[in-house]
Amino acid sequence: MFKEISDEKKELKRLLSSLSLEEKIGQTVQLTSNFFSEDLHAVKTGPAAEIHLSEEFQISQVGSVLNVTDPSEVKKIQERHLAKSRHKIPLLFMADIVYGNKIIFPIPLAQSGSYDFNLIKLAGKELAKESYNAGIHVTFSPMLDIVRDPRWGRVMESPGEDVYTVEQYARSIVQGIQGDKDSDMFSDSHIASCIKHFAAYGAPDSGKDYNTVDMSELRFRREYLPGYIAALEANARLVMTAFNTLEGIPCTGNEWLNKEILREELEFDGVLITDHSAIEEMIAHGYAVDKRDAAFKAAKASIDIDMMTSSYANNLKDLINKGQLSEELLDESVMRILELKNDLGLFENPFRGLDLESTGKYLDESTKNVAKELASKSCVLLKNDKHTLPLNKSQKIALVGPFGDSKLTLGFWAFTGDKDQVITLKEGVLQHISADMLHIHSGTAMFSEFNFPDEFSDPAFRELFLGKDVNNYQKDSHEAIKMAHGADVIVFAFGENFLETGEGASKTSLMLPKDQICLLKELRKLKKPIIGVLYTGRPVILTEIEENFDALLLAWYPGTMGGQAIADLLYGEKVPSGKLSMTFPRNEGQIPIHYSQLNTGRPLNADNCNGRFISRYIDSPSSPLYPFGHGLSYCDFVYKNGYISSMQLSPDKEIVLSIDIQNNSDFDGDEVVQLYIRDLAADIVRPKKELVSTERVSLRANECKTVTFVVNSELISYIDKKGNTQLEPGLIELYIGRSSEDIRSQFTIDYVSS
Ligand code: BGC
């Protein structure tokens, strides 16, 4: 780093002023490794395989590299670059280390349901450490898009449907990746965090990826913006734009969004990068006539880095020379990029963190332990009739289903993950029982009947989704059933193939493959207890099959250590404690669905359920199959002695709320106690429930603990459509519960403004 703080900016300014126009433009361009050398490769997404860079543009002037994650490639590219670059400005290496580099943590949708935000922060720190050792400087994580439509494949990358949950997740993971705000930013092995996708990418019409997003400014500010704000408050140094339009304007060219809200209102002075090829996509959106126009609109919208198009590279010079764009605008962008490089210490050491021997470090026990604990805490026990779980070590197990011994448990955005390190469920179970107690047969494929539309007749496309060995997936279900005859209990490990989730994997049906369902129904005929272990990146529709399970554990995609974490839960060595961060609907017709909807003028309740003109469905219950916040335990938790210090809240007097949680069982376990509020009458109507606080409490067998919440005026305030915080006098209901539907204690308080 340049020496004294006060001198640093001067040095950077001096450097900036010594750059030619072409060199400055180069800093705003991000390319994959194949642009730097023929023999190198990187993960490519999007339609920009051929980006038509002009002859004039020099690769040696580029500012950053996309998705190079191999340490030796990083080294090679940086060395070559520095040898050619006139000013020796180091390249920034940015990559999608979304929820783990070599050791993969559970998908974010799972992580957030642990409600253990310290642990999530630790996962961020471990993820940063592995990336740092690989020479990566920036990760494109976290994704903070609120999600309420499980047809959208990318829900797996999000912390879920709830504002409070996304905010807490955002703060913790950004601090974990970058270091705490003031004290240790980028110290040790921390790297920079790029939050995405700004903004509201999680609300595409009809759940179809890249589709239009349109919502009121009120909803945007109240529900979609707070997660990004929380990350910026934790000092996230980069922001990535979203692919979608918002109110008819692509986010990448949206001046209201990027300048008025992000730069001015939220005072973000970090680096704003586009999503992959998003500048050029403004042409297809119908917002720009050509790449030049697209570059102009992106630059006006304060975009600093063009990811993988030639729009900036080929056009900024002409736009500036012709006076259409000011050079000052470009200078501001370049300054932000140089400042980031400087803050990361790259001028001092362009090979920051790079450790060619780092492969050994992937085996770091601390990373694995965090991954295991997080997997354990984020699995959700959806159902457990007659205490089917935990298993007893004397029971003979038939482990059936395509996930029984599968390593495909990392989820979609885990391309860097080390598959060899993955612990399968079978391996996990074998840590508890001897091999003669376990019989295993997959019985069926992960994919059986996947109805690709006609336009996808190309075998290469099918392979992209189904994997290379699709034809080897035919398995014999009769063998599996025969094997299960001899068992005391069946563990059925089933779910979605990870390629059916993630980017570009929207679906209209959220049912699981037919063959898996048929196999399950056949197994049911054996009249043995069946425990389902569900692997998925989204809420799927379980309505028809749920009755076949005596117990059902949602594993999500649990990451590298999943098999061990799940087996520990199955055998009661650990007790499930995860909660649902996203509602499980009964059917696709209920989508979009989330717990924090408005009440309507005609809400459904016990008194009017036989009436006609009520807000509900006539062909399906209106309630979800499993509500937000749901998650059972082996412990029997009794909530008692609800206490409130006062029924009146005022700006200078907070209320203390408490409840005793009694663990009436022989298990030690954790409970996530949830506090919801409802404002009964407000100038702008508020949801029928809003989660405002959670407390994860550990209770020994038969122990009782008091959980306390402090309710102050900030907790009950709301955001209006101008983004201002509002507080109105009136009645507020407070609910303490085990889920959004399972409320155990309730109070009504009066907020008085003076
Ligand atoms: C995704 C981003 C990702 C980027 C770079 C895009 O397709 O939307 O989330 O960070 O590619 O790989």
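See the structure printed just above.
Quick look at the structure, then. Please read all numbers here as calculations on a predicted model, not as lab measurements.

## Some remarks on the overall build of the chain
Helix and strand counts for the chain come out as 19 helices and 26 strands. Its C-alpha radius of gyration of 26 Å places the chain within 12% of the 27 Å reference for a compact globule of 754 residues. Its C-alpha atoms put the chain at 75 × 70 × 50 Å along the principal axes. When each of the 754 residues of the chain is scored for burial, the buried share is 61%. Once local pairs closer than 6 in sequence are excluded, the contacts in the chain between residues at least 24 apart make up 78%. Accessible surface for the chain amounts to roughly 29,000 Å². Of this, 47% is attributable to carbon and sulfur atoms.

## Details of the packing of helix H5 (residues 117-133) against helix H13 (residues 365-378)
Running from N to C, H5 and H13 cross one another at 145 degrees; their axes reach a closest spacing of 10 Å. With respect to the hand of their crossing, H5 and H13 are arranged in left-handed fashion. Residues Leu119, Ile120, Leu122, Ala123, Glu126, Lys129 and Glu130 of H5 touch H13, and the partners they reach there are Ser366, Thr367, Val370, Glu373, Leu374 and Lys377. Each residue belonging to the contact of H5 with H13 can be placed in one class, and the counts come to six nonpolar, two polar and five charged.

## Some details on the sheet that holds strand E12 (residues 397-400)
Strands sit in the order E11-E16-E15-E14-E12-E13 across an open sheet of six strands; the sheet is mixed. Both edges of this open sheet fall to strand E11 (380-384) and strand E13 (438-441), since each of them pairs with a single strand only. Averaged over all pairs of adjacent strands, the angle between strand axes in this sheet comes to 15 degrees, irrespective of strand direction. Relative to strand E14 (residues 489-495), E12 is paired through four bridges, and the arrangement is parallel. The partner of Ala398 across the bridge, within E14, is Ile490. Across the face of the sheet, helix H17 (residues 514-524) comes into contact with E12, E14 and strand E15 (530-535) while running at roughly 170 degrees to E14.

## Topic: the sheet that holds strand E2 (residues 64-66)
Strand order in this open sheet of eight strands is E9-E6-E5-E4-E3-E2-E1-E10, and the pairing throughout is parallel. The open sheet has two free edges, formed respectively by strand E9 (271-273) and strand E10 (306-307), since each of these has just one partner strand. Bridge analysis of strand E1 (residues 29-32) against E10 gives two bridges, and the strand direction is parallel. If you follow Gln30 over to E10, its bridge partner there is Met307.

## A short note on the pairing of E1
Side chains Val29 and Leu31 of E1 all project onto a buried face; the interleaved residues Gln30 and Thr32 project onto the opposite face, where all are buried too. Pairing between E1 and E2: three bridges, direction parallel. Along E2, the bridge assignment pairs Thr32 with Leu66.

## Points about helix H9 (residues 278-285)
Among the residues of H9, those classed as buried are Ala278, Ile279 and Met282. All buried residues of H9 fall inside an arc of 110 degrees around its axis, so they share one side. Summarising the contacts, the buried residues of H9 are in contact with strand E6 (238-241), strand E8 (249-250), helix H10 (291-300), E10 and helix H11 (311-321). Positioned one or two residues after H9, Gly286 has a phi angle of 90 degrees, which is positive.

## Observations concerning the pattern of salt bridges
Scanning all chains against the criterion turns up 44 salt bridges. Its salt-bridge partner being Glu223, residue Arg219 comes within 3.5 Å of it at the nearest N-O pair. Here Arg219 and its partner Glu223 are both found in helix H7 (residues 217-233), four residues apart, which amounts to about one turn of the helix. On the accessibility criterion, Arg219 (36% relative accessible area) is partly exposed. Of the charged contacts in the structure, one is a salt bridge between Glu265 and Arg221, with a shortest N-O distance of 2.7 Å. Pair noted here: Glu265 is in helix H8 (residues 255-265) and Arg221 is in helix H7, with a separation of 44 residues, a long-range link. Classification of Arg221 as buried rests on a relative accessible area of 6%. Look at the salt bridges and you will find they share partners, linking Glu496, Glu500, Lys507 and Arg538 into a network.

## Concerning helix H6 (residues 163-178)
The end-to-end C-alpha distance of H6 is 22 Å, a good match for the 22 Å that 16 residues give at a rise of 1.5 Å each. Among the 16 residues of H6, 12 are classified as buried, and the element is accordingly described as predominantly covered. One side-chain oxygen at the N-terminal end of H6 lies 3.4 Å from the backbone nitrogen of Tyr164; it belongs to Asp162. Just downstream of H6 lies Gly179, where phi reads positive at about 100 degrees.

## Describing the site of the ligand
Around the ligand sit 13 residues, and of these Asp96, Arg154, His197, Asp275 and Glu503 come closest. At a separation of 2.7 Å, an oxygen atom of the ligand approaches a polar side-chain atom of Arg154. A distance of 2.8 Å separates an oxygen atom of the ligand from a polar side-chain atom of Glu503. For the shell around the ligand, the class distribution of residues is four nonpolar, four polar and five charged.

## Some words on the nonpolar core
Counting residues in each nonpolar core, the largest one holds 193 residues, and the members touching the most others are Phe220, Leu425, Leu523, Leu542 and Leu570. Looking at this core, the element that brings in the most residues is H6, giving eight residues. If sequence neighbours within four positions are ignored, Leu523 has contacts with Val400, Ile481, Ala484, Ile490, Phe492 and Ile530. If you look at the next biggest cluster of nonpolar residues, it comprises 34 residues, including Val65, Phe93, Leu340 and Leu354.

So, how was this worked out
- Residues numbered from 1 in each chain as written.
- Predicted model: local features only at pLDDT ≥ 70, side-chain atom pairs only at ≥ 80, totals over all residues.
- Heavy atoms only, no water.
- Helix = DSSP H or I, 4+ residues; strand = E, 2+ residues; numbered from the N terminus.
- Rg over C-alpha atoms; globule rule 2.2 N^0.38 Å.
- Buried < 20%, exposed > 50% of the residue type's maximum accessible area, 1.4 Å probe, protein only.
- Contact = heavy atoms within 4.5 Å.
- Areas by Shrake-Rupley, 256 points an atom, 1.4 Å probe, with all protein chains shown as cover.
- Axes fitted to C-alpha atoms, helices over the stretch in contact; angles between N-to-C directions.
- Left-handed = near helix turned anticlockwise from the far one by under 90°.
- Nonpolar A, V, L, I, M, F, W, Y, C, P; charged D, E, K, R; others polar.
- Pairing = 2+ DSSP bridges.
- Arc of directions from axis to C-beta.
- Salt bridge = Lys/Arg side-chain N within 4 Å of Asp/Glu carboxyl O.
- Expected span 1.5 Å × (residues − 1).
- Polar contact = N/O pair within 3.5 Å; in protein donor to acceptor, adjacent residues only side chain to side chain.
- Near = heavy atom within 4 Å.
- Core = buried A, V, L, I, M, F, W, Y, C linked by side-chain atoms within 4.5 Å.

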